[in-house]
Number of protein chains: 2
Amino acid sequence: MANIQQIAKEAGVSVATVSRVLNHATSVTPETRSKVEIAIKELDYQPSMLGRNLRNSESRLMLVLLPSISNPFYTEIINGIQNTAIAHNYNILLCETDSKPERENIYFNMVKNKLADGIISMDPTVNMKWLNELAENHPVILCSEYEEGGSIPYVTINSELAAYQAVKHLIKLGNEKIALINSDEKFLYARLRRAGYERALKEFNLPIYDEWIYHTKELEFENGVQAMRILLQLEEKPSAVFAVSDTLAIGALKALNGGFEAPSDIAIVGFDNISFSSMTNPTLTTISQPMYKMGCLAADMLMSSMKGEKVESIVLDHELIIRESTMG
Amino acid sequence: MANIQQIAKEAGVSVATVSRVLNHATSVTPETRSKVEIAIKELDYQPSMLGRNLRNSESRLMLVLLPSISNPFYTEIINGIQNTAIAHNYNILLCETDSKPERENIYFNMVKNKLADGIISMDPTVNMKWLNELAENHPVILCSEYEEGGSIPYVTINSELAAYQAVKHLIKLGNEKIALINSDEKFLYARLRRAGYERALKEFNLPIYDEWIYHTKELEFENGVQAMRILLQLEEKPSAVFAVSDTLAIGALKALNGGFEAPSDIAIVGFDNISFSSMTNPTLTTISQPMYKMGCLAADMLMSSMKGEKVESIVLDHELIIRESTMG
DNA sequence: CTGAAAGCGCTAACAT
DNA sequence: ATGTTAGCGCTTTCAG
């Protein structure tokens, strides 16, 4: 692989001139420029990012932290981030933390030692203390999950309101016994969605039973299956279920398994509108988050932050998508 | 962020010595070493990857090319690649090409100009001419999709045999009218799976009708829905369908839509065993590929190749997973 | 066992 | 308009 020196020599100019041509500087004669361009073509030259990045002390890489790539909720967000990043000549590094702090640390260090220019975190399990520390000196954006009252800019939706509307939808359909399949309430989104759930029930003077609130360890399909099995064994079975993630809701749907029908026996609402949710039988009523847009905005915000601009947090609109699992 | 000079100064040694400590060189007195380590801790020093990489002309980054992150087939493979890579101090950069050549080019250039050390391609749409060119001077491994008779090492399964077994399974269940939902036969895997399909039919003297072979543009759910709708409109409807991807099979299942039942009216077999395939109703019979292992091996092979070792291609075993969509 | 110094490939300030 | 040169942070001969 040729380097800038060889091009300079081949073109009979200095490396500075080659660099100028490479960076589209104005002050180069057309003739000189063309000499350089010919040399570049001749030697099939590609400028080394390594050299350029070292010199500029930037990597044009953004890190995207997420707990696991297997939750389809993230894929559309990632698409948004990726497309926006690429349009601005950035690349993204997808970082699965598996909720392991030592992995997280690897990625934080990449930012500290200039291997990456900034981080978008979508990981609810992220160590906020470390992240805040990092954010003091490096660009950091939170996407979807955020810290209430924290100083790191975020893009998210109003989870409380969305949950409230989902549950209200169930109530309007005549359900009075509504269960919640929640994830761990150490996560803010889980607390917010529970709050929305409770607000709706209270507003309609419906009882809130601890028995009807199930907490899952993770967001996999299997956790939803498990949750629904427990709910179905209750003496007082719920007539409807709100699950805080489509993956859980789909698992819940699966657990009905011939014994019960949705929505006639049990109505179900999910959250996220992942692509699977329209492929289930019955199709799943859910809250749609503008995932793609969220990703685009997160990337935009990060790039602003990298330029040193001050960025404001953004709360996006969501939408209730009504399908067969509540309106068979 | 402190640099190596400041550490050297703080510790009262030369930068060379600091570098030796950093790289666990043997020839450093315990006392000197400890002086340096104290300085490192003191200044919270992280060696700059940028400097190190430029010097070593390596990036410890591997590129993973895939057409789209939204096909869940890839997620387990990626997990395998990622875990293996991280265990060896490499990181992976997920590269969605969206089947766009210009995107592909960005990533090829990253390898050419040392921003990445090698490529694992899982993209069936990849430009093999360019990839072969790249492979002449850089480590490249193919995963899942490969080139017959090509020179780039690959890890894959025997698609022809898997398809043969899937269709034979349908035949053994008494099906004589078996359709194929295939993707574009410009892809090798599509041609191989079709070959397996035809071999099974021929072996049992069953007819092969062009009408029963549908080609989809992509592998999204919607393409499967569309395909099945067409098949259901045929005068002579098939009694079973083999789809070359779970996403297509799940779409096909969805298209039955109350009018027909699987497996009583139409049995369906998919391919890949994505996690959602056990959540559908009915659950999906499918071919399970050892995706995680495939990913691990691809990463291992790439690292071998980066060390300059010669690597051999590998064909892994698959497995037919029988579920409700054929054995209700 | 440790230090001095060259150099990886590039950009930008300064000089011409 | 173009060239010269320092230096980004690191590793690695080569000396001592």
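Residues numbered from 1 in each chain as written. Chains lettered and ligands numbered in written order. Predicted model: local features only at pLDDT ≥ 70, side-chain atom pairs only at ≥ 80, totals over all residues. Heavy atoms only, no water.

- You'll find chain A entered in an unreviewed UniProt entry as LacI family DNA-binding transcriptional regulator, with Virgibacillus byunsanensis given as the organism.

1. A short note on the protein's contact with DNA strand C
Line of reasoning, step 1. Neighbouring DNA strand C are 25 residues; A:I4, A:Y45, A:R55, B:R20 and B:T32 lie closest to it.
Line of reasoning, step 2. Sugar and phosphate atoms constitute 62% of the interface atoms of DNA strand C, taking the interface as everything within 4 Å of the protein.
Line of reasoning, step 3. Within the side chain of A:R52, a nitrogen or oxygen atom sits 2.7 Å from a phosphate oxygen of DNA strand C.
Line of reasoning, step 4. Between a base nitrogen of DNA strand C and a side-chain N or O atom of B:R55, the distance comes to 3.2 Å.
Line of reasoning, step 5. Secondary structure elements with two or more residues in the surface near DNA strand C: helix 2 (15-22) and helix 4 (49-56) of chain A together with helix 2 (15-22) and helix 4 (49-56) of chain B.
Line of reasoning, step 6. With five residues, the top contributor of residues to the surface near DNA strand C is helix 4 of chain A.
Line of reasoning, step 7. By residue class, the composition of the surface near DNA strand C is nine nonpolar, 11 polar and five charged. (Near = heavy atom within 4 Å. Polar contact = N/O pair within 3.5 Å; in protein donor to acceptor, adjacent residues only side chain to side chain. Helix = DSSP H or I, 4+ residues; strand = E, 2+ residues; numbered from the N terminus. Nonpolar A, V, L, I, M, F, W, Y, C, P; charged D, E, K, R; others polar.)

2. Quick notes on the sheet that holds strand 1 (residues 61-66) of chain A
All names here are of chain A.
Line of reasoning, step 1. Strand order in the open sheet formed by six strands is 2-1-3-4-5-11, with parallel pairing between adjacent strands. Either end of the sheet is taken by a strand with one partner, and the two such strands are strand 2 (91-96) and strand 11 (314-316). Ignoring which end each strand starts from, the neighbouring axes of this sheet average 20° apart.
Line of reasoning, step 2. The strands that helix 7 (residues 128-137) touches are strand 3 (118-121) and strand 4 (140-143); relative to strand 4, the one it contacts most, it runs at about 140°. (Pairing = 2+ DSSP bridges. Axes fitted to C-alpha atoms, helices over the stretch in contact; angles between N-to-C directions. Contact = heavy atoms within 4.5 Å.)

3. A look at the UniProt feature "domain: HTH lacI-type" (unreviewed entry) in chain A
Line of reasoning, step 1. Taking the UniProt record as the reference, the feature "domain: HTH lacI-type" (unreviewed entry) is found at residues 2-56 of chain A.
Line of reasoning, step 2. Note that residues 2-56 of chain A is 67% helix and 0% strand, and that its end C-alpha atoms are spaced 21 Å apart. (UniProt positions renumbered as here; feature names shortened; annotations may be inferred.)

4. Quick notes on unusual backbone geometry
Line of reasoning, step 1. The amide bond that connects A:A262 to the next residue, A:P263, takes the cis arrangement and shows omega of 5°.
Line of reasoning, step 2. Along the polypeptide, A:P263 turns up in the loop between helix 11 (246-256) and strand 9 (267-272).
Line of reasoning, step 3. Look at A:S144: it is not a glycine, yet its phi comes out positive at around 80°.
Line of reasoning, step 4. Looking at the element boundaries, A:S144 is found in the loop between strand 4 and strand 5 (154-157).
Line of reasoning, step 5. Phi angles above zero are rare outside glycine, and B:N273 is one such case at about 55°.
Line of reasoning, step 6. Residue placement: B:N273 occurs in the loop between strand 9 (267-272) and strand 10 (285-288).

5. Points about the relation of the copies chain A and chain B
Line of reasoning, step 1. Of the transformation superimposing chain A on chain B, the axial component is 0.0 Å and the angular component is 180°, with the fit at an RMSD of 0.1 Å. Such values leave the two copies arranged in the relation of a two-fold axis. Judged by C-alpha distance, A:L93 is the residue of chain A that lies nearest the rotation axis, at 2.6 Å.
Line of reasoning, step 2. The fraction of interface residues of chain A whose copies in chain B are also interface residues reaches 100%, indicating that both copies meet through the same surface. (Least-squares fit on C-alpha atoms with pLDDT ≥ 70 in both.)

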